[in-house]
Amino acid sequence: MLHTLLKSIQKSTRTFSGGIDPEMSKITAAAAIATSMQPQLYILPIKQHIGEACEPIVSVGDHVKWGQKIARSQGYVSVPVHSPTSGKVVKIEEHATPHPSGMGLPSIFIEPDGKDTRDKSLKPIKAYRDTDPTELRERLRLCGIAGLGGAVFPTFIKLLKDNRNPIETLILNGIECEPYLTNDHRLMIEKAKEIIIGIDIIMHMVGAKKAIIAIEDNKPNALEMMQETLEILSESFPDSTRIEVCQLPTRYPQGSEKQLIEVLTGKQVPAGKLPMHIGVICQNVGTSKAIHDAIIKGRPLTERIVTVSGDAVPRPGNMRVRLGTPMRFVFAQHGLETFDHVHLLHGGPMMGEKLKNADVPVVKSTNGLLAMHSTSMKEAHKSEQPCIRCGHCGVVCPVSLVPNLLADQCRNKQFEKAESYDLFDCIECGACSYVCPSNIPLVHYFRYGKGQLAQIGREQNFAHASKQRSEHRDDRIAREKEEKAAKRRVVREKHVAKADDDKTSAGKPDHDKTADHKTADEKKPKTTDKTIQKDKPSPKSPPGKASSGKVSS
Amino acid sequence: MIHLSSPHMHGGDSIRMTMLSVIFALLPATIVSVYLFGWLAFLLITISMVTCLITEFISLRLMGRSASPIGDGSAALTGLLLALTLPAYLPWWMVILASVMAILLGKQLYGGLGYNLFNPALAARVILLISFPLNMTAWIIPMHVGTPVIDLYDFNACLNLLIFGPESLNRALDAITMASPLGHIKTEWSQGISVTNALRSYDYSYLDAFLGREAGSIGETSALALLLGGIYMLARHTISWHIPFTYLATVLILAAVFNLIDPAHYAPPLFHLLAGGLMLCAFFMATDPVSSPVTPMGQIVFGVGCGVLTWSIRTYGGYPEGAMFAVILMNCTVPLIDHYCRPRVYGR
Ligand code: SF4
Ligand code: SF4
């Protein structure tokens, strides 16, 4: 039985260029998902996705239910935030978020009442196949679903059925190539059915012809579980034949969207295009489960699976954690109470960000919480030596950049040159830094370069805008002058016609008028100035971040 | 310092590891050199390595920098590589001069490791060859090849020779040296003798050339020893195949084609492959990361360029051996190659 099963599993022979084989340290692979206890206070930042921040719609003192919307989205690329439990809003104020700079965001603090009363305003949509995809999309938006692999891009945007770009293949990303992380792995074992129904919902929404669940060969039990569940479901589920499981050799960063697409379809996503332009969409397995919950159960996204691991965690494991739970509380449940000589990472060790402290909440992008001893971090961040041009960095780069040249350019502030060497195609996977014998923090330079370029771009936009503005003003002044001159001519002609002998100068009052106009003109642009300044992109949005494709692990 | 930036993991590779693995790969060639040239080779290697290390230390200190890079093994490697490309007998001060030049002119003047345009050892070797052509082409008769005039396993004799010159042993330099195969066919050709006849008169044997039983620079004679080192580095991914493979293949193909056209003028391909410094250059000099291109495509271009130049200089040039000139010339083109030979970026 098992034998035939394994035979039916697809194996891909294609690969992506570059890549590395880091020590995987998946020590929590066998740890079943535990459920986190209730903290005393939840902290919910109003922005947990890529895109525009939300606006709180509750006030201090309000009672909220579990799953109730507490912040509504503003703008298109945005999804709302929901309460992770029932309780009272105790304050709304700025609080640090899991961002390397410790950047603060307005956050809603909720004190649980211990009852966990659910908000039932969203009805389950059991017959999703008879439901219009547009309605399902709206439901996913309302439920706050964003990519749970780490990129947290609002999911409903990706799941648009667009006849110009028919979707051939849906790729389910169960790769989890980041070392240490096992949250997707456990989810595939424990929630295989939900994931597969989620796939069916997505396929219905985008009209995909087939779906591929991609799993690396270091997770054979997840692979079997998905395959078995597919077979069990096949009786009640005629479309399950369009879903296949594909085993891939373990390699970092295979979980990166573009690399995975290349491996599975043999096609590269052209620069400046999206996967859907080549008929593919990619979703993380965790997102698929969240989609299932949103549609079948009518439940907004209020929790996620987090791997708590690292060499400084006494009892590493996987945990179902409600969004907004302070990380300190999560670590404490795994035996880590004090944080001396310990470094905290948000995400995996390859792409995760270093946290300043544990007093930040778990958010939608928190796939892993790692605590590493400072000695092992020092090993990883040895002092930088000169580049010996060995070229290893370029060999492992999945995007085929020449990292050492790019780093030189960023270091020497030749940012435009770096851009022409495709700096923005770097996905910041860190493979280059990982292999560099000179311990050069290449990714650090790339982020710096991207940030500077974004800054330059903003300044240029601003300069362009003010140039246009002043040109506009010149035009207007010229036009008005012209109009006035024309008027003057008419008046003069009238004067001339009226009184032939009365030779009073007709220009004088007109001249005064012009002067008046001018002062009015000079006042005006100032107001325009203000509006334009408002339009400037807010400096808060981290520069260059948008272009960096996160590896969904 | 701990960066905020990911990744927070490192593969553990280091400059030191890289340099040490190259030194390790040179071990077979070093052993063969001592086997063939006895104490002379040993002294030469020691002087060269020690001088390089001292020069590195002093120049780092003079520039007010930390002397810690001394431990990265790159100066030691330069010293070893330089020694292996020298003839067994050179006046001691020439060896010291060459070593100082390698570190000072070849490396530190450019800003230290990573910034040099040329391979430091090769640069010093070329300067020496141009400045002292006689000494640099006088090949001591090795042990186990014919009858050696002086016993190179005799420490005192070797020390005397090194410090006081051949006169101290009552010998002329000519008497204890012989021509290398490359030098031999070049002089014979200039006297109108065909390559085929020249090889016959030299009593040339492919097996001897492969094993190293011939005259030449101390570390260059044994193709086998160098090949072993090269394979070790390839297996350990210290170097990639692109440069050595294309370099050697180009020389082989060119030599084969011309040898087919006119065997009297053009030496056979295998002869080229085993002769002179080609093996050492292909595996250890041209692959020096700092002075070679970074991208695989660039490395292929570089290797082909080295091959064409090596064969051309050997065949048409004034010097019998062209490998190191070829590599030095190609070193100059690296910035250009790097610019034009970038791989196609994903999705572009
Ligand atoms: S891996 Fe490091 S030392 Fe090697 S070329 Fe790249 S940046 Fe330079
Ligand atoms: S971080 Fe950027 S440059 Fe480095 S390997 Fe990844 S994609 Fe390439």
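Residues numbered from 1 in each chain as written. Chains lettered and ligands numbered in written order. Predicted model: local features only at pLDDT ≥ 70, side-chain atom pairs only at ≥ 80, totals over all residues. Heavy atoms only, no water.

So, the overall build of chain A
- A tally of regular secondary structure across chain A gives 16 helices and 18 strands.
- When contacts within chain A are restricted to residue pairs at least 6 apart in sequence, those whose partners lie at least 24 apart make up 75%.
- Summed over its atoms, the accessible surface of chain A is roughly 24700 Å², and 53% of this surface lies on carbon and sulfur atoms. (Helix = DSSP H or I, 4+ residues; strand = E, 2+ residues; numbered from the N terminus. Contact = heavy atoms within 4.5 Å. Areas by Shrake-Rupley, 256 points an atom, 1.4 Å probe, with all protein chains shown as cover.)

Concerning the sheet that holds strand S5 (residues 63–64) of chain A
All names here are of chain A.
- The strand order across the open sheet formed by four strands is S3-S9-S8-S5, and the pairing between neighbours is antiparallel. Bordering the open sheet on either side are strand S3 (42–45) and S5, each of which pairs with just one other strand.
- Pairing analysis gives four bridges linking S3 to strand S9 (residues 104–112), with the strands arranged antiparallel. Note that in S9 the partner of leucine 44 across the bridge is isoleucine 108. (Pairing = 2+ DSSP bridges.)

A word on the sheet that holds strand S18 (residues 368–373) of chain A
All names here are of chain A.
- The strand order across the open sheet built from six strands is S2-S15-S14-S18-S16-S17, with neighbouring strands paired in mixed fashion. With one partner strand each, in any of the chains shown, strand S2 (33–35) and strand S17 (353–355) form the two edges of the open sheet. For this sheet the average axis-to-axis angle between neighbouring strands, irrespective of direction, equals 30°.
- By the bridge criterion, three bridges tie S2 to strand S15 (residues 317–322) in an arrangement that is parallel. Opposite isoleucine 33, over in S15, you have asparagine 318 as the bridge partner.
- Strands S2, strand S14 (303–309) and S15 of the sheet are contacted by helix H4 (residues 183–190), whose axis makes an angle of about 125° with S14. (Axes fitted to C-alpha atoms, helices over the stretch in contact; angles between N-to-C directions.)

Details of the confidence of the model for chain B
- Across chain B, pLDDT averages 90, with 99% of residues at or above 70.
- Taken together, the chains of this predicted complex give a pTM of 0.84 and an interface ipTM of 0.89. (pLDDT = per-residue confidence, 0-100.)

Quick look at the packing of helix H1 (residues 15–25) of chain B against helix H3 (residues 74–84) of chain B
Residues and elements named next belong to chain B.
- With their axes 9 Å apart at the nearest point, H1 and H3 run at an angle of 25° to one another. It follows from the interaxial angle that H1 and H3 lie roughly parallel. The element H1 and its partner H3 pack so that their crossing is left-handed. Here Met19, Val22 and Ile23 of H1 come into contact with H3, specifically with Ser74, Ala76, Leu77 and Leu80.
- Here the contact of H1 with H3 is built from residues that sort into six nonpolar, one polar and no charged. (Parallel < 35°, antiparallel > 145°, perpendicular 65-115°, else oblique. Left-handed = near helix turned anticlockwise from the far one by under 90°. Nonpolar A, V, L, I, M, F, W, Y, C, P; charged D, E, K, R; others polar.)

What about the site of ligand 1?
- Cys387, Ile388, Arg389, Cys390, Gly391, Cys393, Asn404, Cys436, Pro437, Ser438, Ile440 and Leu442 of chain A make up every residue found near ligand 1.
- Counted by class, the shell around ligand 1 contains eight nonpolar, three polar and one charged residues. (Near = heavy atom within 4 Å.)

Considering the packing of aromatic side chains
- All told, the structure shown has 16 aromatic pairs over all chains when counted by the stated rule.
- For the ring pair tyrosine 76 of chain A and phenylalanine 156 of chain A, a centre distance of 5.6 Å and an interplane angle of 80° mean the geometry is edge-to-face. In this pair, tyrosine 76 of chain A sits in the loop between strand S6 (69–73) and strand S7 (81–82) while phenylalanine 156 of chain A sits in helix H3 (residues 155–158), placing the two residues 80 residues apart along the sequence.
- Given a relative accessible area of 48%, tyrosine 76 of chain A falls into the partly exposed group.
- Here tryptophan 311 of chain B and tyrosine 316 of chain B contribute two aromatic rings whose centre-to-centre distance is 5.7 Å and whose plane-to-plane angle is 85°, an arrangement assigned as edge-to-face.
- By relative accessible area, tryptophan 311 of chain B is classed as buried at 4%.
- A connected cluster of aromatic rings, assembled from ring pairs, spans Phe258, Tyr266, Trp311 and Tyr316 of chain B.
- Sitting over the ring of phenylalanine 109 of chain A, lysine 91 of chain A keeps its end group 4.7 Å from the ring centre. (Phe/Tyr/Trp six-rings, centres within 6.5 Å; stacked < 30°, edge-to-face > 60°. Buried < 20%, exposed > 50% of the residue type's maximum accessible area, 1.4 Å probe, protein only. Lys NZ or Arg CZ within 6 Å of the ring centre and 35° of its normal.)

Quick look at the site of ligand 2
Residues and elements named next belong to chain A.
- Residues in close proximity to ligand 2 total 14 residues, the closest being Cys397, Cys426, Cys429, Gly430 and Cys432.
- At the level of elements, helix H14 (431–435) and helix H15 (442–498) are the ones that each hand at least two residues to the shell around ligand 2.
- A per-class count over the shell around ligand 2 returns 12 nonpolar, one polar and one charged.

Some remarks on the pairing of strand S10 (residues 169–174) of chain A
Residue and element names in this part refer to chain A.
- By the criterion of burial, S10 is predominantly enclosed, with six of the six residues buried.
- With burial as the criterion, each face of S10 is covered, one bearing Thr169, Ile171 and Asn173 and the other bearing Leu170, Leu172 and Gly174.
- For S10 and strand S11 (residues 210–216), the ladder comprises six bridges, and the chain directions are parallel. If you follow threonine 169 over to S11, its bridge partner there is lysine 210.
- As paired strands, S10 and strand S13 (residues 280–284) are joined by five bridges and run parallel to one another. Bridge pairing in S13 places threonine 169 opposite valine 280.

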